[in-house]
Amino acid sequence: MKNFFLQYDLSDEVIAAGVSGGADSLALVLRLKKYCKKVVALSVDHKLREESAAEAEYVAGLMKKEGIEHHILVWEGEKPKTGIEAAAREARYNLLCGWCKNNKIKYLAVGHHRRDQAETFLLRLQRGSGLSGLCGMLPIFEQNEIFIIRPQLNDDPQELKAYLQQRNIKWVEDPSNQSDDFLRVKVRKFLPELEKKIGISEERLSETANVLQRTRSYFAEEVDKRIRNQVRKWGSSIFSFSSMVFAGWHSEIAYRVLAEILRKVSKKNYAPESDEILHLIKVLNQPNFKGCTLNGCEVFAAKKRLWVIPEIRKNQIMKKLQWEEYLQKFPQYAKADLPYKVRRALYNESQGV
């Protein structure tokens, strides 16, 4: 963890930490106390198990003994009947990041470790993921305007438990971590066999993900460069670029630029699935392409450019007077020869639609 804080220069920051009561997150918050300016523990009660409230209160008592500020966040409302694991994860991050934003804390630490990274690599390999997926979890990334950090990503989970045992601190075992209903649990149980039979350890899988992250980092820099130099941004969520320039890009760069633009315009945490983006590129390169929708975005061709705007689901008509009112506030667009859909998207954006 010391190397992580030196690398990212976070020692003077106030950092929030997601703490479930499991060994990984308890070790995280207690170790963070030593390396950052201040740590605040946040526990999410998903209300999915009878024991969840008691577990959150256990963490609260432990944090009080350790002199660490602690808050319990509750996932209220009706829970979905299917896809509960993904829904709970989304709700958890929304609650954690929302609290951080409301309290002006930029960094949220989570307790993922080396075995989690190895499991993620195998899960994404099973799904047929490309480079970005096989990179596994990143040590730091931005989500919902908050930087998610993983200071323990290279740490052995057994060493984290040993750290707690040395301090005589008990942790909570989530029964779902033993349920074969979840593919991740099946992968976790398979990992020891993988190492025993062919020598592929969780450490080796984690190292492979780290190597791939360097390649991903290079592509990310190239994508940022293309977007900065060859893509025009209008307002806060509208992009356009030359059809001819796009056709001349290497297929991998075109894929990654388009994926990032779709993610930015949709304001979602992730881009669409790779097969959807690849199909879109194929369609975009056809001479008769007019337009389509994907990921909450509308993509269309006009004035020798490709445009990506937020999808407008209602058949709204913008009056001439409304556009004139918009130009009074944003005169920089007065001389721009913009397609009607772009003008309407800009106006909607100004109205918070």
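Note that the structure is predicted; figures quoted are calculated from it, not measured.

## Brief notes about the overall build of the protein
Consideration 1: In terms of regular secondary structure, the protein is built from 14 helices and 11 strands.
Consideration 2: Dimensions of the protein, computed from the C-alpha atoms along their principal axes, are close to 70 × 50 × 45 Å.
Consideration 3: Within the span of the protein, comprising 353 residues, buried residues form 44% of the whole.
Consideration 4: Taking contacts inside the protein between residues at least 6 apart in sequence as the whole, the part at least 24 apart equals 66%.
Consideration 5: For the protein, the computed accessible surface area is about 20,200 Å², with 49% contributed by carbon and sulfur atoms.
Consideration 6: Each charge class in the protein can be summarised by its mean position, and for the 58 positive and 45 negative side chains these summaries are 6 Å apart.

## Quick notes on helix H9 (residues 202-230)
An α-helical turn contains 3.6 residues, so any two residues separated by three or four positions project in the same direction.
Consideration 1: In a regular helix each residue adds 1.5 Å, so 29 residues correspond to 42 Å; H9 covers 41 Å between its end C-alpha atoms and thus fits that length.
Consideration 2: If you check which residues of H9 are buried, you get Glu202, Leu205, Ser206, Ala209, Gln213, Phe219, Glu222, Val223 and Ile227.
Consideration 3: Each element contacted by the buried residues of H9 is listed here: helix H5 (114-126), helix H6 (131-134), helix H7 (157-166), helix H8 (183-198) and helix H11 (251-266).

## As for the pattern of salt bridges
Consideration 1: Overall, the coordinates contain 19 salt bridges when judged by the stated rule.
Consideration 2: Ionic pairing is found between Arg49 and Glu55, a salt bridge with its closest N-O pair at 2.8 Å.
Consideration 3: According to the relative accessible area criterion, Arg49 is partly exposed, its value standing at 27%.
Consideration 4: The exposure class assigned to Glu55 is buried, which follows from its relative accessible area of 14%.
Consideration 5: We note a salt bridge from Asp337 to Lys303, for which the minimum N-O separation is 3.3 Å. Separated by 34 residues along the polypeptide, Asp337 in the loop between helix H13 (320-329) and helix H14 (340-350) and Lys303 in the loop between strand S10 (297-302) and strand S11 (305-310) bring together distant segments of the chain.
Consideration 6: Three or more residues are tied together by salt bridges with common partners; here these are Arg115, Glu119, Arg184 and Arg188.

## Observations concerning the packing of aromatic side chains
Consideration 1: All chains considered together, the criterion is met by 14 aromatic pairs.
Consideration 2: A ring pair is formed by Trp234 and Tyr333, whose centres lie 5.8 Å apart and whose planes are at 45°; its orientation type is tilted. Taken together, the residues span a long stretch of sequence, with Trp234 in strand S7 (residues 232-234) and Tyr333 in the loop between H13 and H14 at a distance of 99 residues.
Consideration 3: The class of Trp234 is buried, set by a relative accessible area of 7%.
Consideration 4: Residues Tyr326 and Tyr333 carry aromatic rings whose centres are separated by 6.3 Å and whose planes lie at 10° to one another, so their mutual orientation is stacked.

## A short note on the environment of Val185
Consideration 1: Its place among the elements puts Val185 in helix H8.
Consideration 2: Linking Val185 and Glu119, residues 66 residues apart in sequence, is a C-alpha distance of 8.9 Å.

## Topic: the sheet that holds strand S2 (residues 38-45)
Consideration 1: On the basis of which strands lie adjacent, the open sheet formed by six strands has the order S3-S2-S1-S4-S6-S5 and mixed pairing. Strands at the two margins of the open sheet, each flanked by one partner only, are strand S3 (69-74) and strand S5 (140-143). Averaged over all pairs of adjacent strands, the angle between their axes in this sheet comes to 30°, without regard to strand direction.
Consideration 2: Where helix H4 (residues 84-102) meets the sheet, its contacts fall on strand S1 (14-18), S2, S3, strand S4 (107-109), S5 and strand S6 (146-149), and the angle it forms with S2 comes to roughly 145°.

## Quick word on the pairing of S10
Consideration 1: Most of S10 is tucked away, with five of its six residues classed as buried.
Consideration 2: In the sheet, strand S9 (residues 291-294) pairs with S10 via four bridges, with the strands oriented antiparallel. When the bridges of S10 are listed, Thr293 appears paired with Glu298.
Consideration 3: Connecting the antiparallel pair S9 and S10 is a turn made up of two residues, with Asn295 showing a positive phi of about 60°.
Consideration 4: Sheet topology note: the S10/S11 ladder contains six bridges and is antiparallel. Paired with Phe300 across the bridge in S11 is Trp307.
Consideration 5: Between S10 and the antiparallel strand that follows it, S11, lie two residues; Lys303 among them carries a positive phi value of about 55°.

## Topic: the pairing of S5
Consideration 1: Every second residue of S5 is oriented toward a common face, the buried set being Phe141 and Gln143 and the non-buried set Ile140 and Glu142.
Consideration 2: As judged from the four bridges shared by S5 and S6, these two strands associate in the antiparallel manner. Along S6, the bridge assignment pairs Phe141 with Ile148.
Consideration 3: If you look at the hairpin formed by S5 and S6, you'll find two residues sitting between the two strands, and Asn144 has a positive phi there, around 55°.

## Topic: unusual backbone geometry
Consideration 1: Phi angles above zero are rare outside glycine, and Lys104 is one such case at about 55°.
Consideration 2: In this structure, Lys104 sits in the loop between H4 and S4.
Consideration 3: The backbone of Lys267 shows a phi angle near 60°, a positive value even though the residue is not glycine.

Calculation criteria
- Residues numbered from 1 in each chain as written.
- Predicted model: local features only at pLDDT ≥ 70, side-chain atom pairs only at ≥ 80, totals over all residues.
- Heavy atoms only, no water.
- Helix = DSSP H or I, 4+ residues; strand = E, 2+ residues; numbered from the N terminus.
- Buried < 20%, exposed > 50% of the residue type's maximum accessible area, 1.4 Å probe, protein only.
- Contact = heavy atoms within 4.5 Å.
- Areas by Shrake-Rupley, 256 points an atom, 1.4 Å probe, with all protein chains shown as cover.
- Lys, Arg positive; Asp, Glu negative; His and termini not counted.
- Charge placed at Lys NZ, Arg CZ, Asp CG, Glu CD.
- Expected span 1.5 Å × (residues − 1).
- Salt bridge = Lys/Arg side-chain N within 4 Å of Asp/Glu carboxyl O.
- Phe/Tyr/Trp six-rings, centres within 6.5 Å; stacked < 30°, edge-to-face > 60°.
- Pairing = 2+ DSSP bridges.
- Axes fitted to C-alpha atoms, helices over the stretch in contact; angles between N-to-C directions.

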